[in-house]
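# Coordinate analysis (summary)
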Amino acid sequence: MLNVDEIRKDFPILSREVNGKPLVYFDNAATAQTPKQVIDTIVDYYSNYNANIHRGVHTLSQEATDLYEQARYKIQAHFNAKFSHEIIYTSGTTHGINLVANGFSSLLKKGDDIIVSALEHHSNIVPWQMLCERTGANLKVIPMNAEGELVMAEYSNLLSKNTKLVFVNHISNALGTINPIEDIIAQAHNVGAAVLIDGAQSTPHVKPDVQKLDVDFYVASAHKMCGPTGVGMLYGKEEWLKKLPPYQGGGEMIAEVTFEKTTYADLPHKFEAGTPNIAGGIAFGAAIDYMNGIGFNNIADFENELLEYATNKLLDIEGLKIYGTSKHKTAVISFNLEGIHPYDVGTILDKLGIAVRTGHHCAQPIMDYYKIPGTVRASFAFYNTKAEIDTLVAGVKKAKIMLS
Ligand code: PMP
C-alpha cells in the first residue's frame, strides 16, 4: 500500500498555488514532477562534485565519474540489461530513437520494410520517415481500432522477409493504451526483424525487463519518471550496438584520432560523444531509486484505482467522450466535451489551478483517425489523489456550463 499523503511531502511543487488555487497537476504524461530526493542530488552534484568525467586524474573528476557510472549500473539493474555497456546515456527518448534510426541508414536498402504503429508520438514517426528518405525503405503502419488498440491481425499481414525493423511504443501517450509488445516482438523476430520499443510512457508505470522481453532496443526519458529533463537512456542488445555506427563524432567516443583515420571507443562510449548531462545522469539514478522505493506494483495498483475513479466520474458528465477505451490502459484519460474545443476547456481548468494538456499530444495521426483537432488529456501519477480528481470533475462541469 502506498501512503499518498506522505509521498506528496517529497514533492515541493505540489504545495504551490496556481491562479490562487492549490495546484492540481494532471500533466504527468508530458513530464512528471521531481521529488526532493532527486533535486537534492543535483544540488549536491553542483555543490560538491562538479567536474568533467572520464578524463581527469584529479579527485573531483574521479568522484563525478564514479557517481555517473554508478547511476548507469542502477539503470542497468532497473531494466535488467545483461551488461552495463548496453545502457547508453541520451538526452531523452527522442535522441535514442534518432540514434538508432541514423544507425540503420547503413543497414537498410531500397525495398526493405520498416513498421510503425498508428499509435505513435511524432518522435517515433519522423526519424523513421527521414530514414526512409535516405535509404528508399518503405514505412508501413499497423492500424488502430476505435478503442485505440492496435489491430494485431493486420500487423501479422504486414510482416514479411523484407521487414527489417519494427518500432512501437509500449504505452501510448495520447490514449494510454498498453500495447501487446511481447507479441509484437515475438512476431517480428520470427521474420528476422529487430524491434525498438519507445518506453517514454511505460517507464513511469511499469518496470520493463529487457532480457525477458527479448527486445533489441528500448528507449526512455528520465523526466517522465521523476528525474530531470535532458537525460534518458537507450538500451540496445550488445550485438546491435556493436553493429550500429556511431551517431555523433567528438570527444569521449574515440579510441585514437589521427588525420588519416580515427578508431572508435568501445561501448557505451562509442555513442556518448561530448560532455554529457552529468548531474542529470546521476539524478536519473536517484529517480530510479526513488520510484523503486515506492514500488512499481504499488504504483500500478494506486494509479489503476485513480483511473477507474476518474473514468466513472467523468463519464457521468453528459456529452463527455473518452478516447482510448481499451481494457489495457494506464492512467491517462483523453476526452472532449461535445461541441467545445479542448483548448477552451484547458484554459478554464488552468484558471482553476488544474494542469492538463490540450491539443494533439504530438500524435496527429491518432487525432486524424478520430477526426478531431485534439483532446483534453488528464494523466495521473502516484502522487495524485481522488480529491484532486473531484476538483477536475467539478472544473470540467464548470467549463461545460461556461462554454455551452
Ligand atoms: N514517445 C512518447 C510516447 C512520448 O510520450 C514522448 C514524450 N511526450 C516522447 C516519445 C518524446 O520524449 P522526449 O521529449 O523526452 O524525448
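Definitions and cut-offs
Residues numbered from 1 in each chain as written. Predicted model: local features only at pLDDT ≥ 70, side-chain atom pairs only at ≥ 80, totals over all residues. UniProt positions renumbered as here; feature names shortened; annotations may be inferred. Near = placed C-beta within 6 Å. Nonpolar A, V, L, I, M, F, W, Y, C, P; charged D, E, K, R; others polar. Domains from an automatic or database assignment. Contact = placed C-beta atoms within 7 Å. Helix = DSSP H or I, 4+ residues; strand = E, 2+ residues; numbered from the N terminus. Buried ≥ 20, exposed ≤ 12 C-beta atoms within 10 Å, placed from the backbone.

By the naming in an unreviewed UniProt entry, the chain goes by Cysteine desulfurase and is assigned to Algibacter mikhailovii. UniProt's Catalytic activity (unreviewed entry) comment on the chain is quoted here verbatim: "(sulfur carrier)-H + L-cysteine = (sulfur carrier)-SH + L-alanine". Quoted straight from UniProt, the Sequence similarities (unreviewed entry) entry for the chain says "Belongs to the class-V pyridoxal-phosphate-dependent aminotransferase family. Csd subfamily."

### Some details on the site of the ligand
Taken together, 13 residues surround the ligand, and among them Gly-92, Thr-94, Asn-173, Ala-200 and Ser-221 come closest. In terms of residue class, the shell around the ligand is made up of two nonpolar, 10 polar and one charged.

### Some remarks on the domain arrangement of the chain
The assigned domain composition of the chain is domain 1 (4-28 + 295-403) and domain 2 (39-293). For domain 1 versus domain 2, the distance between C-alpha centres works out to 28 Å. Between domain 1 and domain 2, the contact holds 22 residues from the first and 22 residues from the second. Within the residue set of the side of domain 1 that touches domain 2, elements represented by two or more residues are α11 (296-315), β14 (332-337) and α13 (364-370). In terms of residue class, the side of domain 1 that touches domain 2 is made up of 12 nonpolar, eight polar and two charged.

### Overview of the environment of Phe-271
Here Phe-271 lies in the loop between β12 (262-264) and α10 (278-294). Among the residues examined, Phe-271 registers 27 C-beta atoms within 10 Å and is labelled buried. On a C-alpha basis, the gap between Phe-271 and Leu-99 in space is 8.3 Å, while along the polypeptide they are 172 residues apart.

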